[in-house]
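Remarks on the overall topology
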Amino acid sequence: MTRHFIVIGNPIAHSKSPQIHQVFATQVDIDICYQRQHCPDNAAGFSAVIEAFFHGGGVGANVTVPFKQRAYDNCLARGGLSEHAKIAGAVNTLLLNEAVLKNGGSIKDAIYGDNTDGQGLVNHIVRLGWPLSGARVALIGAGGAARGIILPLIEAGIAQLTIANRTVSKATKLVTDLSAASPTIAQHHITTCATTDLTGQFDLIINATSIGLSSNTLPLADDLNCHYAYDMMYGRALPFLQRFADRGAQTSEGYGMLIGQAALSFERWTGHAINVEQATTTLSKQHE
Ligand code: NDP
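Below, the structure is looked at part by part.

Considerations on the side chain of Ser252
As for its position among the elements, Ser252 is in strand β12 (residues 250-252). Given the relative accessible area of 10%, Ser252 is considered buried. Each residue touching Ser252, except ones within four places of it in the same chain, is listed here: His124, Leu128, Trp130, Ala229, Tyr230, Asp231 and Leu241.

Next up, the structure:
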């Protein structure tokens with residue numbers, strides 16, 4: 001029996017998700033059909049595509065730019081949300097809640113939103129062998145991606161978190177909003193500052209800004225240093241990582257995070273655990 005999946009976005013042609021999920025399916029020996037689904041960028045179009053997919057027997061959907069927030073809004077209004085999706089304010093994984101269907105609920109009531117992005121990042125950092133427990137962490141950026149990784153980082157046992165952003169008020173608002181939404185985050189002392197004011201030594205610095213999409217570079221203080229530097233961006237030269245590599249830090253781009261979040265979605269949908277190391281090796285061989 002073939003199980004059907006989609007990734008919904010706009011644009012979507014560039015998405016590597018079909019290739020990644022096919023490697024997972026081969027690894028656990030199940031038959032899947034995973035397709036890219038282009039969707040008009042409006043609320044009615046998005047809801048229609050999702051409902052038609054699940055009515056047609058679809059098992060699971062990934063959601064990418066620009067629909068993560070819209071998927072969250074839909075599941076908040078009707079359906080359900082995981083704790084991580086609630087805190088992230090965004091959904092990257094949709095599935096059907098079988099219990100709702102068994103109790104006679106409609107497909108619309110059964111659509112459940114989860115967010116695996118943050119845990120995907122944490123799992124990648126663990127695979128890299130970088131210590132998170134007790135770590136002093138600086139997170140640069142206060143947009144959607146930063147929002148989704150704060151709870152998983154705290155759950156992984158980091159000791160200190162500083163959030164730096166070009167617009168400091170957005171970082172401060174992010175901390176206020178998340179502290180109100182999550183007792184775990186509220187108990188953690190998080191400091192905020194302007195990116196240019198971020199100084200000193202950290203164990204780990206994560207770039208969660210979208211600056212890598214442009215030719216600009218982050219304006220970082222000269223005395224900012226770390227043991228490990230992570231850029232959520234991937235697939236291009238990243239001056240952020242080069243700066244820290246030149247000073248002796250270990251570095252990683254975010255492709256492993258992409259595979260990590262995909263593996264968690266796949267496990268959620270199929271119940272099959274993925275050997276992510278093995279899948280990553282297979283995917284890199286396909287790129288050669
Ligand atoms: P958002 O648009 O929500 O946030 C963008 C962030 O980048 C803001 O903090 C913004 O600062 C900052 N920023 C943008 N331009 C500049 C600049 N020129 N100088 C300094 N700061 C800047 O984007 P997302 O949070 O959704 O995505 C961020 C990145 O994470 C993207 O590159 C995306 O590709 C990547 N990502 C990777 C994933 C993976 O699996 N590897 C998963 C999800 C995201 P300000 O608030 O001041 O505007």
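Side note on helix α12 (residues 255-270)
Residues separated by three or four positions in an α-helix point in the same direction, a consequence of the helix having 3.6 residues per turn. In this model, α12 (16 residues) spans 23 Å end to end at C-alpha, consistent with the 22 Å of a helix rising 1.5 Å per residue. Burial of α12 is extensive: 13 of the 16 residues sit out of reach of the surface. Among the residues trailing α12, Gly271 stands out with phi positive, at a value near 80°.

Remarks on the packing of helix α1 (residues 17-28) against helix α13 (residues 276-287)
Their axes nearest at 10 Å, the elements α1 and α13 cross at an angle of 125°. Between α1 and α13, the crossing angle belongs to the class labelled oblique. In the crossing of α1 with α13, the sense of the turn from one axis to the other is right-handed. Residues Gln19, Ile20, Val23, Phe24 and Gln27 of α1 form the contact with α13, whose own contacting residues are Gln278, Ala279, Thr282, Leu283, Gln286 and His287. By residue class, the composition of the contact of α1 with α13 is five nonpolar, six polar and no charged.

Let's talk about the packing of aromatic side chains
Evaluated as defined, the whole model comprises 10 aromatic pairs. A connected cluster of aromatic rings, assembled from ring pairs, spans Phe5, Tyr34 and Trp269. Positioned above the aromatic ring of Phe244, the side-chain terminus of Arg243 is 4.6 Å from the ring centre.

A closer look at the sheet that holds strand β7 (residues 136-140)
The strand order across the open sheet built from six strands is β9-β8-β7-β10-β11-β12, with neighbouring strands paired in parallel fashion. A single partner strand is all that each edge strand has here, and the edge strands are β9 (190-194) and β12. Adjacent strand axes in the sheet meet at a mean angle of 25° when their direction is disregarded. Across five bridges, the pairing between strand β8 (residues 160-165) and β9 is parallel. Note on β9: the bridge partner recorded for Asn165 is Ala194. Packed on one face of the sheet, helix α8 (residues 144-155) meets β7, β8, β9 and β10 (200-207) and runs near 170° to β7. Sheet contacts for helix α9 (residues 168-181): β8 and β9; angle to β9, the most-contacted strand, approximately 165°.

Overview of the nonpolar core
Of all hydrophobic cores here, the largest spans 32 residues; its most connected members are Leu139, Ile150, Leu204, Ile206 and Tyr230. Listed by contribution, the elements that provide at least two residues to this core are α7 (117-128), β7, α8, β8, α9, β10 and β11 (224-231). Among the elements that line this core, the one with the most residues is α8, at six residues. Ranked by size, the runner-up nonpolar core spans 24 residues in total, among them Phe5, Tyr255, Ile259 and Ile274.

A few points about the environment of Asn225
Along the polypeptide, Asn225 turns up in strand β11. The class of Asn225 is partly exposed, set by a relative accessible area of 24%. Along the chain, Asn225 and Asp203 lie 22 residues apart, while their C-alpha atoms are 8.4 Å from each other. Beyond its immediate stretch of four places on either side in the chain, Asn225 contacts Gly200, Gln201, Phe202, Ile205, Phe244 and Arg247. Among the polar contacts made by the side chain of Asn225, one reaches the side chain of Arg247 at a distance of 3.0 Å.

Details of the site of the ligand
Lining the immediate surroundings of the ligand are 21 residues, of which Ala142, Ala145, Asn165, Thr167 and Met232 lie closest. Between an oxygen atom of the ligand and a main-chain N or O atom of Ala142, the distance comes to 2.9 Å. Here the ligand has 940 Å² of accessible area as a free molecule, and 75% of this is covered by the chains. Those elements that provide at least two residues to the shell around the ligand are α8 and α12. Taken together, the residues of the shell around the ligand break down into 10 nonpolar, nine polar and two charged.

Parameters at a glance
Residues numbered from 1 in each chain as written. Predicted model: local features only at pLDDT ≥ 70, side-chain atom pairs only at ≥ 80, totals over all residues. Heavy atoms only, no water. Helix = DSSP H or I, 4+ residues; strand = E, 2+ residues; numbered from the N terminus. Buried < 20%, exposed > 50% of the residue type's maximum accessible area, 1.4 Å probe, protein only. Contact = heavy atoms within 4.5 Å. Expected span 1.5 Å × (residues − 1). Axes fitted to C-alpha atoms, helices over the stretch in contact; angles between N-to-C directions. Parallel < 35°, antiparallel > 145°, perpendicular 65-115°, else oblique. Left-handed = near helix turned anticlockwise from the far one by under 90°. Nonpolar A, V, L, I, M, F, W, Y, C, P; charged D, E, K, R; others polar. Phe/Tyr/Trp six-rings, centres within 6.5 Å; stacked < 30°, edge-to-face > 60°. Lys NZ or Arg CZ within 6 Å of the ring centre and 35° of its normal. Pairing = 2+ DSSP bridges. Core = buried A, V, L, I, M, F, W, Y, C linked by side-chain atoms within 4.5 Å. Polar contact = N/O pair within 3.5 Å; in protein donor to acceptor, adjacent residues only side chain to side chain. Near = heavy atom within 4 Å. Areas by Shrake-Rupley, 256 points an atom, 1.4 Å probe, with all protein chains shown as cover.

So far we have only geometry, and geometry alone does not tell us how the molecule works.
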